[in-house]
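Structural description and commentary
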Amino acid sequence: MRDEVAGAEAKIMTARRVVFMGTPQFAVPTLQSLIASEHQVVAVYSQPPRPAGRGQKLTKSPIQQLAEQHAIPVFTPTSLKSAEEQSAFAAHHADVAVVAAYGLLLPQAVLDAPKHGCINIHPSALPRWRGAAPIQRTIMAGDTTTDCCIMQMEAGLDTGAVLAREAFAIPDHFNASDLHDTMASTGARMTIDVLAKLSSLTPTIQSGDGVTYAHKITKEDQKIDWSKPAQEIRNQIRGLYPSPVATTTIHGEVVKIFSAKVEPYNGSAKPTGIVLDDALLVQCGGGSALRILELQRPNKIRMAASDVLKSFIVQKDNQLG
């Protein structure tokens, strides 16, 4: 009984007043963990509702929806640069702000407002893949390992000292969706652990070596260049799943490619982008070949390649663009 009382008292002593800042589904497990913990989430900041879906209906972010379900005050400013917004943020008297894919830059006044500053969940092996799209870039680059980091935020882009780091070996079958879910759940667990030890943790300054930037995904990133090796193209397809998806041109149509596999090809080398059989095996750079497994034509549903080919004839020696 005495141990239970002592444990309860320890939890009360380590309980924090938390402002949570996040927007997409990636941030949901962390907010859920904070709500279920001894910590008090005094406010949630999220991006404003945006048009979504076919009807472009104004839709609240997953984080706003979750916060409102638990009657937590939600703030959706378009910027935190004004003195009024910064004063409102400081008025929460937070011990710490927890940030997960929020989507707005935090001015220095906001970074400094909580007693213990702002901590951020970053799903990459910092300083590798700082920036907007670390999960996609990790997979697209063919990285076989990554880290989930809890970082003390500062004014630079993901340059802050690391409070905690957990390594993860990326299975070969993982795509960006798989890694997203793994990093989201790992980050949530790590955040609760870091909050319990926050006063005693020693931050580790990031190395100046090995810095890379995970730039935002563009339409150019989606286009498959068949002159690249098959494994590199497969990584591109994995990294862009489930959104925005890699694309190629078949018979003048821009087609989305959802999955593919590298296959050996022993025939004579053809120009890259040439279809090598009647089942969408495509010549890639360096004599390699990639078989397209799932695709989607414009205004059609996603289907297995074998089903698409029943009505969309793509034959040996056709050229993909």
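My aim in this report is to walk through the structure given alongside it, one point at a time. Every chain is numbered on its own, with residues counted from 1 as its sequence reads. Reporting in this predicted model follows two pLDDT cut-offs: at least 70 for local features of residues, and 80 or more for side-chain atom pairs to be given and counted; totals over whole chains, interfaces and linings ignore these cut-offs and use all residues. Derived side-chain values reflect all non-hydrogen atoms in the structure, with water molecules and hydrogen atoms excluded from consideration.

With respect to the overall build of the protein chain
So the rule is basically this: Secondary structure follows DSSP: runs of H or I at least 4 residues long count as helices, runs of E at least 2 residues long count as strands, and numbering of each begins at the N terminus. Relative accessible area decides the class of each residue, using a 1.4 Å probe on protein chains only: under 20% of the type maximum gives buried, over 50% gives exposed, and in between gives partly exposed. Throughout, a contact is declared for two residues whenever any of their heavy atoms are within 4.5 Å. Here the Shrake-Rupley method, with its probe set to 1.4 Å, supplies the accessible areas, and only the displayed protein chains count as covering residues. By the counting rule applied here, Lys and Arg register as positive and Asp and Glu as negative, while His and the ends of each chain are not counted. Note that the charge is assigned to NZ on lysines, CZ on arginines, CG on aspartates and CD on glutamates.
Along its length, the protein chain carries 10 helices and 16 strands. Each principal axis of the C-alpha distribution contributes one length, and for the protein chain these read about 75 × 45 × 45 Å. Relative to its full complement of 321 residues, the protein chain shows a buried share of 46%. For the protein chain, restricting intrachain contacts to residue pairs at least 6 apart in sequence, the fraction spanning at least 24 positions comes to 65%. About 15900 Å² of surface is accessible on the protein chain, with carbon and sulfur atoms providing 53% of the total. Side chains of the protein chain give 31 positive and 30 negative charges; the mean places of these two sets differ by 5 Å.

Quick look at unusual backbone geometry
Residue Pro127 is bonded to the preceding Leu126 through a cis peptide linkage, with omega at 15°. Here Tyr241 and Pro242 are connected by a cis peptide whose omega angle stands at 10°. Along the chain, the position of Pro242 falls in the loop between α9 (230-239) and β12 (246-250). Phi at His93 is positive, roughly 50°, even though this residue is not glycine. Looking at the element boundaries, His93 is found in the loop between α4 (83-90) and β6 (96-100).

Quick word on the pairing of strand β13 (residues 253-263)
Let me state the cut-off plainly: Pairs of strands are assigned from DSSP output, requiring at least two bridges between the strands.
Across five bridges, the pairing between β12 and β13 is antiparallel. Residue pairing in the sheet places Thr247 in a bridge with Lys256 of β13.

Things to note about the packing of aromatic side chains
As a reminder of what qualifies: Any two of the Phe, Tyr and Trp rings considered here, Trp counted by its six-membered ring, make a pair once their centres fall within 6.5 Å; the pair's planes then place it as stacked at under 30 degrees, edge-to-face at over 60, or tilted in between.
If you walk through the whole model with that rule in mind, you get four aromatic pairs. The interplanar angle of 65° and the centroid separation of 5.4 Å between the aromatic rings of Tyr45 and Phe89 together place this pair among those described as edge-to-face. Of the two residues, Tyr45 sits in strand β2 (residues 40-45) while Phe89 sits in helix α4, which places them 44 residues apart along the sequence. Neither residue differs from the other here; Tyr45 and Phe89 are each classed as buried. Consider the rings of Phe168 and Phe174, whose centres lie 5.9 Å apart with planes at 40°: the pair is tilted. Joined through ring pairs, the aromatic side chains of Tyr45, Phe75 and Phe89 make up one cluster.

Focus: helix α2 (residues 28-36)
Where we set the bar: The arc in question is the one spanned by the directions pointing from the helix axis to the C-beta atoms.
Turning to α2, its buried residues number three or more, namely Val28, Thr30, Leu31 and Leu34. In an axial view of α2, the angular spread of the buried residues amounts to 165°, which keeps them on one side of the axis. Where α2 is buried, its residues touch β1 (17-22), β2, α3 (62-69), β6, β7 (118-122) and α7 (176-197).

A look at the pattern of salt bridges
Put simply, the rule reads: In the sections that follow, a salt bridge refers to a side-chain nitrogen of Lys or Arg positioned within 4 Å of a carboxyl oxygen of Asp or Glu.
The tally for this structure, following the rule as stated, stands at 16 salt bridges. When the shortest N-O distance is used, the salt bridge between Lys228 and Glu232 registers 3.9 Å. With a relative accessible area of 35%, Lys228 lands in the partly exposed category. Salt bridges sharing partners connect three or more residues here, namely Lys261, Glu263, Asp277 and Arg291.

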